[in-house]
Amino acid sequence: MATVYVPAPLRRQTGGQSRVQVPGTTVREVLANLGTVYPGVGAQVQDEAGHVRAYINIFVNGNEMRTLRGEDTPVGPQDEVSIIPAMAGGLVALGTAGR
Amino acid sequence: MALRLSSDHLQDVVAHARETFPHECCGLLAGRDGRVVRVCRGRNVDESPYTYRLDDRQLLQFLREMDQDGLDIVGIYHSHTASEATPSRTDVARAFYPEAVYVIISLQHPEHPVVRGFRIVDGTVAEEDVIVQ
């Protein structure tokens, strides 16, 4: 069980709750269970294969999971998992550039 | 809903754009009901004239502070250093905050910066008024 911090843009899918308790012992399990309870969040966070989308950042206690053990990062009852969509844009990187 | 901000806030975001030139700047506009209460200057980790990505850890910090203060993201701003103040395709593709107004500061003509706002929802762009008052 971990606490998941849901930022304002995703709260419509959690009934306005900013923090929800979700079972799981790794980031992967927590996100999978989160997606089961709140399918709207799951679709935004994970792709069809169940992997975290490139522009979604998952923090465990303030540390980005990719700097830890990725989706295998263990989480416990005292840990907080935060879901933060990136703020990004620009001219390049999609391969279809053009302003 | 239009975005309302003070002239100080407007000057702050334009100053931020000028300070980071030739790179793009980025940041958040925190507020309530479409009115800006404070400008949160972000760090563009891309350090690029063409792209921006607000430092992810800084973003988490901003969001937590805003929660504590009862503020919402009413705007997300970035600069275009050599093009007009309209969203690029990448800006649209990466617009993950449908409730915010995306504010673009164009320094295409540096003496006459242009500031415009857009709401971007599911790939659809609609201009919003940016009202200084």
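Up top is the structure these notes are about.
This report concerns the structure included in the present document.

Quick notes on the rules
- Residues numbered from 1 in each chain as written.
- Chains lettered and ligands numbered in written order.
- Predicted model: local features only at pLDDT ≥ 70, side-chain atom pairs only at ≥ 80, totals over all residues.
- Heavy atoms only, no water.
- Pairing = 2+ DSSP bridges.
- Helix = DSSP H or I, 4+ residues; strand = E, 2+ residues; numbered from the N terminus.
- Contact = heavy atoms within 4.5 Å.
- Axes fitted to C-alpha atoms, helices over the stretch in contact; angles between N-to-C directions.
- Buried < 20%, exposed > 50% of the residue type's maximum accessible area, 1.4 Å probe, protein only.
- Core = buried A, V, L, I, M, F, W, Y, C linked by side-chain atoms within 4.5 Å.
- Buried area = accessible area lost by both parts, 1.4 Å probe.
- Polar contact = N/O pair within 3.5 Å; in protein donor to acceptor, adjacent residues only side chain to side chain.

**Topic: the sheet that holds strand β2 (residues 19-22) of chain A**
Logical step 1: Taken in spatial order, the 5 strands make up an open sheet running β2-β1-β5-β3-β4 (chain A), and their pairing is mixed. Edge strands, defined here as strands with exactly one partner in the open sheet, are β2 and β4 (63-64) of chain A.
Logical step 2: Both strand β3 (residues 56-60) of chain A and strand β5 (residues 80-85) of chain A contribute to a ladder of 5 bridges, which runs antiparallel. In the strand pairing of β5 of chain A, Ile 56 of chain A is matched with Pro 85 of chain A.
Logical step 3: Across the sheet, helix α1 (residues 27-37) of chain A lies against β1 (2-5), β2, β3 and β5 of chain A, angled at about 110 degrees from β2 of chain A, the strand it touches most.
Logical step 4: Relative to β5 of chain A, helix α2 (residues 56-69) of chain B is tilted by about 105 degrees, and along the sheet it contacts β1, β3, β4 and β5 of chain A.

**Brief notes about the environment of Tyr 38 of chain A**
Residues and elements named next belong to chain A.
Logical step 1: Along the chain, the position of Tyr 38 falls in the loop between α1 and α2 (39-45).
Logical step 2: On the accessibility criterion, Tyr 38 (17% relative accessible area) is buried.
Logical step 3: Taking the C-alpha atoms as reference points, Tyr 38 and Gln 13, 25 residues apart in sequence, are found 6.3 Å from one another.
Logical step 4: In this view, Tyr 38 contacts Gln 13, Thr 14, Gln 17 and Val 20; residues no more than four positions away in its chain are not counted.

**Some thoughts on the nonpolar core**
Logical step 1: Membership of the largest hydrophobic core comes to 27 residues, with the highest contact counts inside it found for Ile 84 and Met 87 of chain A together with Leu 28, Leu 59, Ile 73, Ile 76 and Tyr 97 of chain B.
Logical step 2: Broken down by secondary-structure element, the contributors of at least two residues to this core are β2 (26-32), α2, β5 (72-80), β6 (101-106) and β7 (114-121) of chain B.
Logical step 3: No other element matches the 5 residues that α2 of chain B contributes to this core.
Logical step 4: Apart from residues lying up to four places away in sequence, Met 87 of chain A is in contact with Leu 28, Tyr 52, Arg 53, Leu 54, Leu 59, Ile 73, Ile 76 and Tyr 97 of chain B.
Logical step 5: Membership of the second largest hydrophobic core comes to 21 residues, among which are Ala 2, Val 6, Val 20 and Val 22 of chain A.

**Some words on the interface of chain B and chain A**
Logical step 1: Facing 28 residues of chain B, the contacting portion of chain A comprises 29 residues.
Logical step 2: Roughly 2,900 Å² is buried in total at the junction of chain B and chain A, and carbon and sulfur atoms are behind 55% of that figure.
Logical step 3: Applying the counting rule to chain B against chain A returns 16 residue pairs in polar contact (both at pLDDT 80 or more).
Logical step 4: Where the side of chain B that touches chain A is concerned, the elements lending two or more residues are β4 (51-53), α2, β5 and α3 (89-93) of chain B.
Logical step 5: At 7 residues, the largest contribution of residues to the side of chain B that touches chain A is made by α2 of chain B.
Logical step 6: As defined by bridge partners, strand β6 (residues 88-90) of chain A adjoins β4 of chain B across 3 bridges and the pair is classed as antiparallel. Along β4 of chain B, the bridge assignment pairs Gly 90 of chain A with Thr 51 of chain B.

**With respect to the pairing of β5 of chain B**
Residue and element names in this part refer to chain B.
Logical step 1: Of all 9 residues in β5, 8 are buried; the element is thus mostly enclosed.
Logical step 2: Two elements, β2 and β5, share 6 bridges in a ladder whose sense is antiparallel. Bridge pairing in β5 places Leu 29 opposite Gly 75.

**Comments concerning unusual backbone geometry**
Logical step 1: Along the chain, Phe 21 of chain B connects to Pro 22 of chain B via a cis peptide bond; the corresponding omega equals 10 degrees.
Logical step 2: Within the fold, Pro 22 of chain B resides in the loop between α1 (7-20) and β2.
Logical step 3: Located in the positive-phi region is Asn 61 of chain A, a residue other than glycine, with phi close to 55 degrees.
Logical step 4: Position of Asn 61 of chain A among the secondary structure elements: in the loop between β3 and β4.
Logical step 5: Since its relative accessible area comes to 41%, Asn 61 of chain A is described here as partly exposed.
Logical step 6: Phi at Glu 47 of chain B takes a positive value of approximately 40 degrees, unusual for a residue other than glycine.
Logical step 7: Within the element layout of this structure, Glu 47 of chain B appears in the loop between β3 (35-41) and β4.
Logical step 8: Judged by its relative accessible area of 52%, Glu 47 of chain B is exposed.

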